[in-house]
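Now for the letters of each chain:
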Amino acid sequence: MKKIFITLVAILALLCGCQANENTNASDYGDDISKAQEIAVISPDTEEVIDTITDTEEIEDFVSALNLDQWELKTLPDEAAEIGSFGFAQEETIKLGQTDTDGTLYDIATITLYNGSYISFEIGGFDMTFEVNEDTADYLNGYFE
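Rules and cut-offs
Residues numbered from 1 in each chain as written. Predicted model: local features only at pLDDT ≥ 70, side-chain atom pairs only at ≥ 80, totals over all residues. Heavy atoms only, no water. Helix = DSSP H or I, 4+ residues; strand = E, 2+ residues; numbered from the N terminus. Buried < 20%, exposed > 50% of the residue type's maximum accessible area, 1.4 Å probe, protein only. Contact = heavy atoms within 4.5 Å. Pairing = 2+ DSSP bridges. pLDDT = per-residue confidence, 0-100. Core = buried A, V, L, I, M, F, W, Y, C linked by side-chain atoms within 4.5 Å.

Of note in the backbone geometry, E47 takes a positive phi value of approximately 55° without being a glycine. Relative to the helices and strands, E47 is located in the loop between strand 1 (38–42) and strand 2 (49–53). In this model, N67 sits at a positive phi of 50°, which is unusual for a non-glycine residue. Following the sequence through the fold, N67 ends up in the loop between helix 3 (56–65) and strand 3 (72–73).

For Y106, the position within the fold is in strand 5 (residues 105–114). The exposure class of Y106 is partly exposed, given its relative accessible area of 38%. For the pair Y106 and A89, spaced 17 residues apart in the sequence, the C-alpha separation amounts to 5.1 Å. Ignoring any residue separated from it by four or fewer positions in sequence, one finds Y106 in contact with F88, A89, Q90, E91 and E92.

What follows is about the sheet that holds strand 1. With antiparallel pairing, the 7 strands of this open sheet are ordered in space as 2-1-4-5-6-7-3. One side of each edge strand has no neighbouring strand; the edge strands of this open sheet are strand 2 and strand 3. Two elements, strand 1 and strand 4 (residues 82–91), share 5 bridges in a ladder whose sense is antiparallel. Looking at strand 4, one finds that E38 is bridged to A89.

Once that is clear, we can look at the confidence of the model for the protein chain. For the protein chain, the mean per-residue pLDDT works out to 82, and 74% of the residues sit at or above 70. This model gives residues 3–10 a pLDDT under 50, and the stretch forms 0 contacts once residues within four places in sequence are excluded. In the model, residues 14–23 has pLDDT below 50 throughout and makes 2 contacts with residues more than four positions away in sequence or in other chains.

Right, let's get into the nonpolar core. Counting 25 residues, the largest nonpolar core has I33, W71, F86, F88, I119 and F121 as the members making the most contacts within it. Contributing elements (two or more residues each) for this core: strand 1, helix 3, strand 4, strand 5, strand 6 (118–123), strand 7 (126–131) and helix 4 (134–141). Excluding residues within four positions of it along the chain, F88 makes contact with I33, A36, E38, I39, F62, Y106, D107, I108, A109 and I111.

Here's what the structure looks like:
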């Protein structure tokens, strides 16, 4: 009986371990970044904020233009040069007993654009590199021209 139990536990551990690495699909994070209340466009040279997007409709359009479901997990090539980055921020979530937030925005994600249609996406302590389609890369490049 012990051998059967140990075998079942081992099989379950293997199955659960295999599923842990499946969460590398960028579209899983679409809801998180669509909640952003501000998107800062940041220069790669000076790290100065070039532009700030705060209009809800513009943020929705921005997130839609990212085409998250078409991103492919890749390794950043050695010759890739940074073009710029986008910082996503939102207010803290209202917790039990709170009636309102203080209006302070907190960083929730960062997208760094590289030449060759590559981006790095940092959210919740995870940093992933993706290759994006040409339309998405052109759209993002437009903020730095």
